Amino acid sequence: ALTGPPTGAASKWDIREKVWDHLEASGLAEFPRPVHGRIPNFKGSFQACCSIRELDVFSRAREVKVDPDKPLEGVRLAALQARKTLLVPTPRLRTGLFNKIVPPPGANKEILRKCATSQGVKEYSVPVGLDGKAQVDLVVVGSVAVSEKGWRIGKGEGYADMEYAMMVSMGAVQEDTPVVTIVHDCQVLDIAEELLDDHDLTVDYILTPTRAIKTHCKRPKPRGIIWHKASYLCSCYEMLGKIPILKTLRSREKQAGKDVTLQDEHPALANTKRAAALNEKVMAANTQPQAAPGSAQMGQPHVECDPLNPRLEGSGTMTTVYVGNFPPSLRVSELKCALREFHVTPLRLNWQGAQHRAFLDYRDKGTAERAVSSLRGLSLGGNALRVELAKSQRNKG
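Where an unreviewed UniProt entry is consulted, the protein chain appears under the name Methenyltetrahydrofolate synthase domain-containing protein, with the organism given as Menura novaehollandiae.

J.: Looking at this model, I keep getting lost on the packing of helix α7 (residues 159–169) against helix α9 (residues 244–255). Mind explaining?
T.: A packed helix pair is summarised by two numbers, namely the angle formed by the two axes and the spacing between the axes. Their axes nearest at 11 Å, the elements α7 and α9 cross at an angle of 40°. It follows that α7 is oblique to α9 by the angle criterion. At the point where α7 passes α9, the crossing takes the left-handed sense. Facing α7, whose interface residues are M162, M166 and S169, α9 presents I245, L246, L249 and E253. For the contact of α7 with α9, the residue count by class is 5 nonpolar, 1 polar and 1 charged.

J.: Looking at this structure, I do not really get the pattern of salt bridges. What am I missing?
T.: Across all of its chains, the model carries 14 salt bridges by this definition. A salt bridge links R211 to E148, with the nearest nitrogen and oxygen atoms 3.0 Å apart. With a gap of 63 residues between them, R211 in the loop between β9 (205–207) and β10 (212–214) and E148 in the loop between β6 (145–146) and β7 (152–153) connect regions that are remote in the sequence.

J.: I keep staring at the sheet that holds strand β3 (residues 98–101) and nothing clicks. Help me out?
T.: Across a sheet, strands are paired by hydrogen bonds formed along the backbone, either parallel or antiparallel in direction. Overall, mixed pairing links the 8 strands, which are arranged β4-β3-β2-β1-β5-β8-β9-β10 in an open sheet. The sheet terminates laterally at β4 (125–128) and β10, the two strands that pair on one side only. Each strand of the sheet is rotated relative to its neighbour by a mean of 25°, with strand direction disregarded. Relative to β9, strand β8 (residues 179–182) is paired through 3 bridges, and the arrangement is parallel. Paired with V180 across the strands is Y205, a residue of β9. Across the sheet, helix α4 (residues 73–81) lies against β1 (63–66), β2 (85–89), β3, β5 (138–142) and β8, angled at about 150° from β2, the strand it touches most.

J.: What exactly am I supposed to notice about the packing of aromatic side chains here?
T.: The relation between two aromatic rings is expressed through the spacing of the ring centres and the mutual angle of the planes. As enumerated under the stated definition, the model contains 3 aromatic pairs in all. Taken together, a centroid distance of 5.2 Å and an interplanar angle of 20° make the contact between F326 and W351 stacked. Within this pair, whereas F326 is found in the loop between β11 (317–324) and α11 (332–341), its partner W351 is found in strand β12 (residues 348–352), the two being separated by 25 residues in sequence. Given a relative accessible area of 4%, F326 falls into the buried group. By relative accessible area, W351 is classed as buried at 9%.

J.: It is not clear to me how the nonpolar core should be interpreted in this structure. Could you clarify?
T.: Within soluble globular proteins, side chains that are nonpolar generally end up buried alongside one another. Among the nonpolar cores identified, the biggest contains 75 residues, and I52, L138, V140, V180 and I182 are the most heavily contacted of them. Sequence-distant contacts of V140, defined by excluding residues within four places in its chain, comprise I52, V64, K65, V66, D67, L72, V75, V180 and I182. Counting 33 residues, the second largest nonpolar core, distinct from the first, contains V139, A172, I213 and V260.

Procedures and definitions
Residues numbered from 1 in each chain as written. Predicted model: local features only at pLDDT ≥ 70, side-chain atom pairs only at ≥ 80, totals over all residues. Heavy atoms only, no water. Axes fitted to C-alpha atoms, helices over the stretch in contact; angles between N-to-C directions. Helix = DSSP H or I, 4+ residues; strand = E, 2+ residues; numbered from the N terminus. Parallel < 35°, antiparallel > 145°, perpendicular 65-115°, else oblique. Left-handed = near helix turned anticlockwise from the far one by under 90°. Contact = heavy atoms within 4.5 Å. Nonpolar A, V, L, I, M, F, W, Y, C, P; charged D, E, K, R; others polar. Salt bridge = Lys/Arg side-chain N within 4 Å of Asp/Glu carboxyl O. Pairing = 2+ DSSP bridges. Phe/Tyr/Trp six-rings, centres within 6.5 Å; stacked < 30°, edge-to-face > 60°. Buried < 20%, exposed > 50% of the residue type's maximum accessible area, 1.4 Å probe, protein only. Core = buried A, V, L, I, M, F, W, Y, C linked by side-chain atoms within 4.5 Å.

Written out as structure tokens, the structure is:
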């Protein structure tokens, strides 16, 4: 059996890697593969989903929000078969907050099955925005790992946490709205509470192919978007550039008198037009030619993090860290997540995924050396990363 690491001995990223590796190595992983970087689908997921029908919180619920992940497909089908209102977050929230699934009149079992799939969500849905007056009675989220106490670890991009916080802000959920997650038994681990942040969503029920666990979790759930949190900053900032509805919600909260400053030393992050332009760069394909490993002289660098940081302005030098040996499937969001969790977020990140590497810029050599020390030995996607100070350095400009 897969057991959790000793308290304080592992980061969230360590736990994710352990679960993903185990699911693949043990033959438990199901389509889509590989499960690394995803909410993993697993053998027995449909069986685990079906057991939600036995929960009173499901029977009483009229409106259910279920994440779009593949292992939750059975829950979406159960909600439709029970004639409940089914809300599914739009992929990465780019076109709104929810899609409300509306099966055609007289839909038979096969049509309902299709409605529960990702393709069905596209074909049989209508958007629900901030003014949709949603009243969610039950929230179902995917997880990479979860503890019997209700501590949850997602895939690292923060969307489930952000979606819940947005639902709180728009009044769609209450403090006592139950949260359920569906996982394989091997994903139920011991997780140290000190790994949790204030914005992390906890769960009340865990369903596996063999068990139904009530966590009795007493830790408060997020009470809305924590705009000012330093650990939340990069995620909020990146999402502002990608999620129009988040910008709308931030504007509304600002008009209501709430403090929506992302962070005092990052005033430029409020410029959402520049943020959107930056995130288009993040999604662009890297076409730079191969350079010698460890060299920071890359011609026209493909910058994919925070060039708006005021500390980058002016003359002088910064220290660059080379990170290499990425697996081909690694995404920039996964690296950013690992950097945040190890508290070594750079001033600027130059992502060169096509060359399986990145360059991290820090304001001084001491900070860069601490980053090298923290990241050395880190494994992402099954590859042990190569981390060292870059062999040549650049000017800030």
